[in-house]
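Each chain, written out:
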Amino acid sequence: MKRRPRYSDFLLDLFFPTRCPACERVIGWNERFCAECEGKLEYAEPVPWQAIFHAKIGSDEPEFDRAEALFRYEGTARKAVLSLKYRGSRAVAEYTAERLPEKLFTDGLEPWDIDLVMPVPMNIFKRLRRGYNQAELFARELSRESGIRLETGYIAHRRKKVEQHKLSWRERLSSAKSTYCVRSKYAGKKPLAGKCVMLCDDIFTSGATVNNCARLIKELGAVKVIVAVICYTPPKKNDVQKNVQ
Ligand SMILES: [Zn+2]
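What counts and how
- Residues numbered from 1 in each chain as written.
- Predicted model: local features only at pLDDT ≥ 70, side-chain atom pairs only at ≥ 80, totals over all residues.
- Heavy atoms only, no water.
- Donors = N, O, S within 2.8 Å, 3.2 Å for Na, K, Ca; no water.
- Tetrahedral: all angles 85-135°; square planar, octahedral: opposite > 155°, others 65-115°.
- Phe/Tyr/Trp six-rings, centres within 6.5 Å; stacked < 30°, edge-to-face > 60°.
- Helix = DSSP H or I, 4+ residues; strand = E, 2+ residues; numbered from the N terminus.
- Buried < 20%, exposed > 50% of the residue type's maximum accessible area, 1.4 Å probe, protein only.
- Lys NZ or Arg CZ within 6 Å of the ring centre and 35° of its normal.
- Pairing = 2+ DSSP bridges.
- Axes fitted to C-alpha atoms, helices over the stretch in contact; angles between N-to-C directions.
- Parallel < 35°, antiparallel > 145°, perpendicular 65-115°, else oblique.
- Left-handed = near helix turned anticlockwise from the far one by under 90°.
- Contact = heavy atoms within 4.5 Å.
- Core = buried A, V, L, I, M, F, W, Y, C linked by side-chain atoms within 4.5 Å.
- Expected span 1.5 Å × (residues − 1).

Asks: Please set out the coordination of the zinc ion residue by residue, giving values where relevant.
Replies: In the first shell of the zinc ion, the protein supplies C20 (SG), C23 (SG), C34 (SG) and C37 (SG), at 2.3 Å from the metal. Seen from the zinc ion, its 4 donor atoms lie at angles of 100 to 118 degrees, and the figure they make is tetrahedral. Counting along the primary sequence, the residues that act as donors to the zinc ion give the motif C-x2-C-x10-C-x2-C.

Structure (C-alpha cells):
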C-alpha cells in the first residue's frame, strides 16, 4: 500500500532516496517496503491478546486492560523495527499505525473511547544522543492516523546504568519497576482521572516495561490502559515458566 503523500517526503527523496527499511533497496518515495519484503512481513498470530501478552507477564494480572501488536519480532518485521529503532525510519511505524486499529477497535472498543495516546518514555540522555524516541515516533503516527491527542509529559524514564536488553528476564522484571516514574509535578495528583490511555511501544519483550508504565498511568487516575505495540517477541517454551517461578 502506498503511503499518504507528504510534500516533505517527496523533497527529501530528491536528496536521500527512500529505502526499504528491511532490505535497504531503493523504493519509490511514497512506498514503505519493497514488494518482496512487504510479502514476507511476519504478522502476529491471530489469537486473543491474552494468549500472548498475559502469558508473557506470567501469573499476575496485567496492569493494562488489553494489548495488540501487528507483527512478531522476526525476520523482515524485525529488520524494519530495528531500522525504526536505530535509524529513525518511520516506515514500519506508519504501516502499523494504519493497520493496527483494525485489530484494536473490536469487541466493543471504539476509537472515541480513547482519550489520549502516550508513548513509553525514553530517558532524556538517550533521547538526546539518539535524537528521537522510537516509541514516540510510533505514538505520533497512531495519533495522526486516529486523531487522538498525543501526550508525552506525564511519566518519565529514570537514567539507568545498564540497558534493559542486557538484563536477564528476572532482572528485567524487577529493574523495570524502578525505571519509570510519575513526573514530580503530578505526584499524588490525578490528572488522568477517568481517562482511557493508549500506551505505545515498539517491541513487547517481557511486558515489564508497558506493565509498569500502565501501573503509573493508573496511579494518575486513568481507568483503562490499552497497549499498542508494533511487534512482540514470540514466547519461547520456558519463558512463561521462568516468569511464573
Ligand atoms: Zn525490502
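Asks: So what about the packing of aromatic side chains? Which residues, and what values?
Replies: Following the criterion strictly, the structure yields 8 aromatic pairs and no others. Ring centres of F53 and Y232 lie 5.8 Å apart, and the angle between their planes is 75 degrees; on these two criteria the pair is classed as edge-to-face. Highlighted residues: F53 in helix 3 (residues 49-57) and Y232 in strand 7 (residues 224-232), separated in sequence by 179 residues. Look at F53 and you get buried, because its relative accessible area is 2%. A centroid spacing of 6.2 Å and a plane angle of 20 degrees characterise the contact between F71 and Y95, whose relative ring orientation is stacked. On the criterion of sequence distance, the pair formed by F71 in strand 1 (residues 66-72) and Y95 in helix 5 (residues 91-104) is long-range, its members being 24 residues apart. Its relative accessible area of 0% is what places F71 among the buried residues. The class for Y95 is buried, based on a relative accessible area of 2%. Site record: aromatic cluster; members linked through ring pairs are W49, F53, F64, F204 and Y232. A cation sits over an aromatic face here: R99 above Y95, 3.5 Å from the ring centre.

Asks: Give a description of the pairing of strand 2 (residues 116-119) that names residues and reports values.
Replies: Working note: regular strand, side chains alternate between the two faces of the sheet. Here strand 2 shows a buried face lined by L116 and M118 and a second buried face lined by V117 and P119. In this structure, strand 2 lies alongside strand 3 (residues 149-150), joined through 2 bridges in parallel fashion. The residue bridging V117 from the neighbouring strand is L150, located in strand 3.

Asks: Which residues make up the packing of helix 5 against helix 7 (residues 134-146), and what values do they have?
Replies: Direction vectors running N to C along helix 5 and helix 7 enclose 50 degrees, while the axes themselves pass 8 Å from each other. Viewed along their axes, helix 5 and helix 7 adopt a mutual orientation that is oblique. The chirality of how helix 5 crosses helix 7 is right-handed. When helix 5 is examined against helix 7, the residues A93, E94, T96, A97, E98, L100 and P101 are found in contact with a partner set consisting of L137, F138, E141, L142 and E145.

Asks: If you had to explain the environment of L14 to someone new, which residues and values would you point to?
Replies: Locating L14 in the fold gives a position in helix 1 (residues 7-15). Separated by 15 residues in the primary sequence, L14 and W29 place their C-alpha atoms 8.8 Å from one another.

Asks: Please set out the nonpolar core residue by residue, giving values where relevant.
Replies: In this structure, F33, F71, V92, F138 and M198 are the most contacted members of the largest nonpolar core, which totals 38 residues. The set of elements that each furnish at least two residues to this core consists of strand 1, helix 4 (75-87), helix 5, helix 7, strand 6 (196-204) and strand 7. When residues of this core are assigned to their parent elements, the largest contribution, 6 residues, is made by helix 5. Apart from the residues within four sequence positions on either side, F138 is in contact with A93, T96, A97, L100, C200, D201, A228, V229 and I230.

Asks: Please set out helix 7 residue by residue, giving values where relevant.
Replies: Across its 13 residues, helix 7 extends 18 Å between first and last C-alpha, which sits within 8% of the 18 Å expected from 1.5 Å per residue. Residues of helix 7 that are buried: Q134, A135, E136, L137, F138, A139, E141, L142 and S143. Trailing helix 7 by a residue or two, G147 shows a phi angle of about 80 degrees, which is positive.

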